[in-house]
Amino acid sequence: PFYGYSLVHIAVYKEYVETLETLKERKLLTNHPIEFGREKGLTPMHMAVHKDHVEILNILWDNRLLQDGDIFKGEDENLNGMNLTHLAANWNSPNAMKFLLDKGMSPAEPVKCEDAFFYGYSPVHIAAYKECVETLETLKERKLLHNHPIEFGGDKGFTPMHLAVYKDFVEILNILWDDRL
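As the structure is a computational prediction, the values presented were derived from the model and not from experiment. (Residues numbered from 1 in each chain as written. Predicted model: local features only at pLDDT ≥ 70, side-chain atom pairs only at ≥ 80, totals over all residues. Heavy atoms only, no water.)

(A) Inspection of the confidence of the model for the protein chain at higher detail. Looking at the protein chain as a whole, its pLDDT mean stands at 86, while 88% of the residues score no less than 70. The least confident element of the protein chain is helix α10 (residues 170-178), whose mean pLDDT is 91; the most confident is helix α6 (residues 94-102), at 95. (pLDDT = per-residue confidence, 0-100. Helix = DSSP H or I, 4+ residues; strand = E, 2+ residues; numbered from the N terminus.)

Here it is, written out as structure tokens:
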């Protein structure tokens, strides 16, 4: 299951905080993507967001080389072009979303990769489309929900409310409506 994983990938996947600290002490922390296999393109930061593990995110954040804003570039067209906040929305990782917002990442940035499934979607659009209640609640707590239309791509003009209705996600619609978007 660890085909193409670095030492850091394995430690993040297994959520081994002490091992990550040891790798950090030995200056072995890297944020390189997996170069082959089913999970090609995933960096340790991506994996930490997926795990929704703030302690690991903290270790990696302070010891990383920013790689194009941590934009996913791999085989999975559903993830292509996504930055860390897009991935947090996609994977319903509310703790990771809070962490990333605290670090100054934008919840409004659209996916800009033209061949990506979510081309033009912001993290709010993605969370609405994927029915990620906890992540939308996190954005709502921070007053970061919006109902802006998608500005480009195949779903141009759709708002998060459009997506909630399209997918018949009543709970998501209520979250968005209650915030008076």
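Now that the structure has been shown, we can carry on.
(B) Main features of helix α3 (residues 44-51). With six of eight residues buried, α3 is to be regarded as a mostly interior element. Among the residues of α3, P44, M45, H46, M47, A48 and V49 are the ones counted as buried. Looking one or two residues past α3, D52 carries a phi angle of roughly 60°, positive in sign. (Buried < 20%, exposed > 50% of the residue type's maximum accessible area, 1.4 Å probe, protein only.)

(C) Representation of unusual backbone geometry. The residue E15 is not glycine, and still its phi comes out positive at about 60°. Looking at the secondary structure, you find E15 in the loop between α1 (7-13) and α2 (17-25). Residue class for E15 comes out partly exposed when judged on its relative accessible area of 36%. Even without being a glycine, D52 presents a positive backbone phi close to 60°. Following the sequence through the fold, D52 ends up in the loop between α3 and α4 (54-61).

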